[in-house]
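The lines below spell out each chain.
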Amino acid sequence: MAVAALAACGGDGSASGKTDRDGKGSASTGAGEPVKSSPSGGPSPDADASGEPSTGSTADPQQSDDAYDFTPDPKKVPKNTAQARKLTRNASLAPADWTPGMLKHDPYETAGTWPVLADSCVWSRGGLPQHVLDSYIRRIDVPAKDGKGRVQGSVTVTVHRTAEDADREMKDTVQESFRCPGQDLGGGQRLDGLMSMHLDQKDIKNADATLFEAGKYTGAGSGGKREYVWTKSRIGPVTTAVSVKGAQGYETTDLIRLAAEAGAKLLYRVETELK
């Protein structure tokens, strides 16, 4: 249910302590158009301009057209740290870019560090690994109002040296939730009951790959266990991530919608930077 909602919320884009896992998700759109059917239930070929049946594929051409097919311009792919920093800042979101009314969290920005999950399932931050040119985080919150609590969100853009490096990170990330379904974020924050999965490629319309994670969040001021969602996507050597920590009055679908909005906008900006 959660994954389906995430896929449906995507589009084309037209909190706290320094030990947080923020930089460790993004949204995608729904599935393509269905295959046309004949009255007998089988695929029905399209007719050409003469009215005769087409000799081409019987599948709806829109189905293949919807598949994500973008190749970054090699001239636009960052080759050094300075170029990577320019991309991560240009692609990131300010509070108003995500959703009007959102506010900067304190701290707001983290740059040039990397999250590390120890064998003890405790997160810390260290220097960037060799395969990463830059990683940039902004923390953005939905303020408490109308009886609802404060939702803590974050957006992260990371530039890897190669697409292969970025893809390897995507694949390794899912294993973290299997290794540590309960994770200590630091600063009194914790995640429990984590479950991660890669979205089916046919359901992803704005990235080369996307994964989704959900669980329960507790922390100062949370008032108990709250819903938590996190997504990560890749376009070429660039990954984007969005995390949303729930609060009183918010359902999982609310958080998924927030994550999908931010994720789609991040991916649109990344693609713009790379084409």
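One structure accompanies this document, and this report is about it. (Residues numbered from 1 in each chain as written. Predicted model: local features only at pLDDT ≥ 70, side-chain atom pairs only at ≥ 80, totals over all residues. Heavy atoms only, no water.)

### Some points on the pattern of salt bridges
Line of reasoning, step 1. Scanning all chains against the criterion turns up 14 salt bridges.
Line of reasoning, step 2. In this structure, the salt-bridge partner of Glu 109 is Arg 138, at a minimum N-O distance of 3.9 Å. In this pair, Glu 109 sits in strand 1 (residues 103–111) while Arg 138 sits in strand 4 (residues 132–142), placing the two residues 29 residues apart along the sequence.
Line of reasoning, step 3. For Glu 109, a relative accessible area of 44% translates into the label partly exposed.
Line of reasoning, step 4. Take Arg 138: its relative accessible area is 14%, and that puts it in the buried class.
Line of reasoning, step 5. Arg 257 is the salt-bridge partner of Asp 254, the closest N and O atoms lying 3.5 Å from each other. Of the two residues, Asp 254 and Arg 257 are both situated in helix 6 (residues 252–274); the distance of three residues between them amounts to about one turn of the helix.
Line of reasoning, step 6. Take Asp 254: its relative accessible area is 21%, and that puts it in the partly exposed class. (Salt bridge = Lys/Arg side-chain N within 4 Å of Asp/Glu carboxyl O. Helix = DSSP H or I, 4+ residues; strand = E, 2+ residues; numbered from the N terminus. Buried < 20%, exposed > 50% of the residue type's maximum accessible area, 1.4 Å probe, protein only.)

### Description of the state of the cysteines
Line of reasoning, step 1. Counted under the stated rule, the structure contains one disulfide.
Line of reasoning, step 2. The disulfide that involves Cys 121 links it to Cys 180, with 2.0 Å between the sulfurs. Classification of the bridge connecting Cys 121 and Cys 180 rests on its S-S torsion, roughly -75°, and on that basis the disulfide is left-handed. You can see Cys 121 sitting in the loop between strand 2 (113–117) and strand 3 (123–127) and its partner Cys 180 sitting in the loop between helix 5 (163–179) and strand 6 (183–186), a full 59 residues away along the chain. Comparing Cys 121 with Cys 180, the two get one shared label, buried. (Disulfide = S-S within 2.5 Å.)

It is worth stressing that arrangement in space is one thing and function is another; only the former is reported here.
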